[in-house]
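Here is how the chains run, residue by residue.
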Amino acid sequence: MEKSDLLSPKAIANRIKSKGLQKLRWYCQMCQKQCRDENGFKCHCMSESHHRQLLLASENPQQFVDYFSEEFRNDFLELLRRRFGTKRVHNNIVYNEYISHREHIHMNGTQWETLTDFTKWLGREGLCKADETPKGWYIQYIDRDPETIHRQQEQERKKKQDLDDEEKTAKFIEQQVRRGLEGKELQQPVYTELNRENREEKVTFNLNKGASTSVAASSKTRSVLGQNALKMVEGAVKRKEAAHSSGQPKEKKKKSALDEIMELEEEKKRTSRRDYWLQPEIIVKVVTKKLGNKYHKKKAVVKQVIDKYTAVVKVIDSGDKLKLDQTHLETVIPAPGKKVMVLNGEYRGNEGILESINEKRFSVTITIDSGPLKGCRVEDIQYEDVSKLA
């Protein structure tokens, strides 16, 4: 059989060998030629074409090294980006896949001597995140493609827009709740004296469920019952009926006149409280962090109150004007002897002088110096119900 026959077993074996990877020591990077054995590599080194390539490289060797280094880096990063994306992977796994291609750039022709040096260089240049572990070096590709950055910015903008829509919806719901509460504010009870023409006549109260009760009148006792007292009696009757219906009757201790008066006072204090407390010309502190550190924990003066829950304040240090909700503000407790204003409770709207501060109970004692209650000493007012006057 002739030597040049392409279908001979030897020719087929040679073609099969040439397809796979060969030994690196028999590869010429300058000529980009792979030899199958030592004799072939020796013959190639003695060839005229190899000598011409060496003469070209000797004129500017750094240019060739830079060229091979750039090609190796680009091909390695392209494989890392397409094959693994931004996942964290061992550098040796990527390198083995890279050199599996027969026409790859060999590392012995680049500026890096080892794969570890190349991995450290990628980390220093910011092309990848490189970290060393007991199992070796791991790398993670950093995607700086303009399209990817633009896509991430669009996703962040959309996420921020969704959050803004949620905040607007929450604010709208809060405004609706406030409007509903404003229409259902508890009215101040009006107390009237109970006048009877005939002292022997019994007093009868008609409750919601039709239940009735009678109280014997006495010539020595007079009862002043208002709307809150009626509610208290009605609640007591309902609890008594529920106890009888459950089969577990309980004895109810009769309340004294002093207990009834104390309960009426507590009910009066409860009904006199509001869920808004802003007043003009008081000093408050900004507690929200949404405006940055420039205004956080800064004191301001309330210049205008809008819709009971919002105020226009003027920062004392910088003079800037801000429009804030009452949830972003808190009261300021001055030193004893300074003027304050009561913002909530029974003495709401009265001005006074701060006498003392009880740190254990988080309350203060003031003396009212204006209005019909001038000179009255009020104790145990909570911190959030009083603030310093401008």
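Everything numeric in this text was worked out from a predicted model, so none of it was measured. (Residues numbered from 1 in each chain as written. Predicted model: local features only at pLDDT ≥ 70, side-chain atom pairs only at ≥ 80, totals over all residues. Heavy atoms only, no water.)

Draft legend 1. Structural context of the packing of aromatic side chains. On inspection of all chains with the given rule, the structure shows 12 aromatic pairs. Between Phe118 and Trp121, the ring centres sit 6.4 Å apart and the planes meet at 15°, which makes this aromatic pair stacked. Pair noted here: Phe118 and Trp121 are both in helix α6 (residues 115–125), with a separation of three residues, about one helical turn. (Phe/Tyr/Trp six-rings, centres within 6.5 Å; stacked < 30°, edge-to-face > 60°. Helix = DSSP H or I, 4+ residues; strand = E, 2+ residues; numbered from the N terminus.)

Draft legend 2. Seen up close, the pairing of strand β11 (residues 321–325). In the sheet, strand β10 (residues 310–315) pairs with β11 via five bridges, with the strands oriented antiparallel. Paired with Val313 across the bridge in β11 is Leu322. Hairpin connection of β10 to β11: five residues between the antiparallel strands, including Gly319 at a positive phi of 80°. (Pairing = 2+ DSSP bridges.)

Draft legend 3. Expanded view of the packing of helix α4 (residues 61–84) against helix α5 (residues 91–99). Between α4 and α5, the least distance of the axes is 10 Å, while the angle of their chain directions is 110°. Judged by the angle between their axes, α4 and α5 are roughly perpendicular. In this structure, α4 contributes Phe72, Asp75, Phe76, Leu79, Leu80, Arg83 and Phe84 to the contact, and α5 contributes Asn91, Ile93, Val94, Tyr95, Glu97 and Tyr98. A per-class count over the contact of α4 with α5 returns nine nonpolar, one polar and three charged. (Axes fitted to C-alpha atoms, helices over the stretch in contact; angles between N-to-C directions. Parallel < 35°, antiparallel > 145°, perpendicular 65-115°, else oblique. Contact = heavy atoms within 4.5 Å. Nonpolar A, V, L, I, M, F, W, Y, C, P; charged D, E, K, R; others polar.)

Draft legend 4. Representation of the side chain of Gln326. Its place among the elements puts Gln326 in the loop between β11 and β12 (329–331). Within polar-contact distance, the side chain of Gln326 engages the backbone nitrogen of Trp277 at 3.4 Å. (Polar contact = N/O pair within 3.5 Å; in protein donor to acceptor, adjacent residues only side chain to side chain.)

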